[in-house]
Each structure stands twice: as C-alpha cells, then as structure tokens.
Amino acid sequence: QVQLVESGGGLVQPGGSLRLSCAASGNILRINHMGWYRQAPGKQRDLVAVITSGGTTNFADSVKGRFTISRDHAKNTMYLQMNSLKPEDTAVYYCNAAVGTIVYWGQGTQVTVSS
C-alpha cells in the first residue's frame, strides 16, 4: 500500500507561481514512477507531468517550459513547481504513484489562477 497526500494549492494571479507537494508513505521503496494529473470541472483528468525513480521526466505540451517536476527521495516527497500560471491551469491537481502496474492516487489539491 502507498498513501499520497498533496498540499500547496491555492489562489494565485496570472503569471504567478505555486509549488505543489506530494508526500508518500507506506511501501515507498517499490514506487517506480510518480506523476501529477489535473482535472477541471466537467473535464477529463489529464496528465501534467511524470518522473521516474531514475529522474526521467515528461510533460504535457500545455505546461512545457513553465512547470518542473522533481522528487526528494530522502523526504519521500514529489514536487510540481508551476511558473507563469494561466487561468487555463485552474484545476484540482492529483498526485499519483506506480508500483509495477498498480497506481495510487492522492485526494487532490485545488489550484485557482485568477485576477
């Protein structure tokens, strides 16, 4: 079992920045990769970024050049640094982690970008 808890969401103006955190606990030594997804009201849940245990990353086209994903293995925490935020980034952001083909999800944290 893996438990995931997101934090760091909130209200920010366009052009601003936020850093989301995802704290992992449980059988964390078996996590292969972790990622961030987001879901706006009435929309599908879409991939934002992923990172493997080896540090390989990938991003959705909509956030390339603005978002950075990282992991602090000592703290069992994954981060999503979000810069140059746009109103279109408004969504609930979810952390996930994969153990083999099994995927675990956090409860989500709200990000609202508005002036």
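Reference entry: report on the structure contained in this document. Nothing here was measured: the structure is a model prediction, and the numbers come from that model.

**Here's the deal with the overall build of the chain**
Move 1: A tally of helices and strands in the chain yields 0 helices and 11 strands.
Move 2: Going from the N terminus to the C terminus, the chain shows its helices and strands as β-β-β-β-β-β-β-β-β-β-β.
Move 3: In terms of overall dimensions, the chain has C-alpha extents of about 40 × 25 × 25 Å along its principal axes.
Move 4: With 115 residues in all, the chain has 38% of them scored as buried.
Move 5: Summarising the internal contacts of the chain: among those between residues at least 6 apart in sequence, 53% fall at separations of at least 24.
Move 6: Accessible surface, the chain: about 6,200 Å² in total, of which carbon and sulfur atoms supply 49%.
Move 7: For the chain, the distance from the average site of its 10 positive side-chain charges to the average site of its 6 negative ones is 4 Å.

**Section: unusual backbone geometry**
Move 1: Phi is positive for Asn76, close to 55 degrees, though the residue is something other than glycine.
Move 2: By the secondary structure assignment, Asn76 is in the loop between strand E7 (67-72) and strand E8 (77-82).
Move 3: With a relative accessible area of 32%, Asn76 lands in the partly exposed category.
Move 4: Here the phi dihedral of Ser84 falls at roughly 50 degrees; this positive angle occurs in a residue that is not glycine.
Move 5: If you trace the backbone, Ser84 turns up in the loop between E8 and strand E9 (91-99).
Move 6: Under the relative-accessibility criterion, Ser84 is labelled partly exposed at 42%.

**Things to note about the packing of aromatic side chains**
Move 1: In total, this model carries 1 aromatic pair according to the counting rule given.
Move 2: Across from the ring centre of Tyr94, 3.6 Å away, lies the NZ or CZ of Arg45, which sits over that ring.

**Here we look at the pattern of salt bridges**
Move 1: According to the stated counting rule, one finds 3 salt bridges in the structure shown.
Move 2: Across the pair Asp89 and Arg38 runs a salt bridge, and its minimum N-O distance is 2.9 Å. In this pair, Asp89 sits in the loop between E8 and E9 while Arg38 sits in strand E4 (residues 33-39), placing the two residues 51 residues apart along the sequence.
Move 3: Classification of Asp89 by relative accessible area gives buried; the value is 1%.
Move 4: With a relative accessible area of 13%, Arg38 lands in the buried category.
Move 5: Note that Lys64 and Asp61 form a salt bridge whose closest N and O atoms lie 3.0 Å from each other.
Move 6: According to the relative accessible area criterion, Lys64 is partly exposed, its value standing at 48%.
Move 7: A single salt-bridge network, built from bridges that share partners, covers Arg38, Arg66 and Asp89.

What counts and what doesn't
- Numbering of residues starts from 1 in every chain and runs along the sequence as written.
- Residues qualify for local features only when their pLDDT is at least 70, as the model is predicted, and side-chain atom pairs are given and counted only at 80 or more; totals for whole chains, interfaces and linings, by contrast, use all residues.
- Here the side-chain values reflect all heavy atoms present in the structure, with hydrogen atoms and water set aside.
- Numbering goes from the N terminus for both helices and strands, where a helix is a DSSP run of H or I of at least four residues and a strand is a run of E of at least two.
- For every residue, the accessible area obtained with a 1.4 Å probe (protein chains only) is divided by the maximum for its type, and the residue is called buried under 20%, exposed over 50%, and partly exposed between those limits.
- Contact between two residues is taken to exist if any of their heavy atoms lie within 4.5 Å; hydrogens are not considered.
- In this description, accessible areas are obtained by the Shrake-Rupley approach with a 1.4 Å probe, and a residue is regarded as covered only by the protein chains that are shown.
- By the counting rule applied here, Lys and Arg register as positive and Asp and Glu as negative, while His and the ends of each chain are not counted.
- By convention, the charge on Lys lies at NZ, on Arg at CZ, on Asp at CG and on Glu at CD.
- Any Phe, Tyr or Trp ring, taking Trp's six-membered ring, that has another such ring centre within 6.5 Å forms a pair; planes under 30 degrees apart are called stacked, those over 60 apart edge-to-face, and the others tilted.
- A ring has a charge above it when a Lys NZ or an Arg CZ is no more than 6 Å from the ring centre and no more than 35 degrees off the ring normal.
- Salt bridges are counted wherever a side-chain nitrogen of Lys or Arg sits within 4 Å of a carboxyl oxygen of Asp or Glu.

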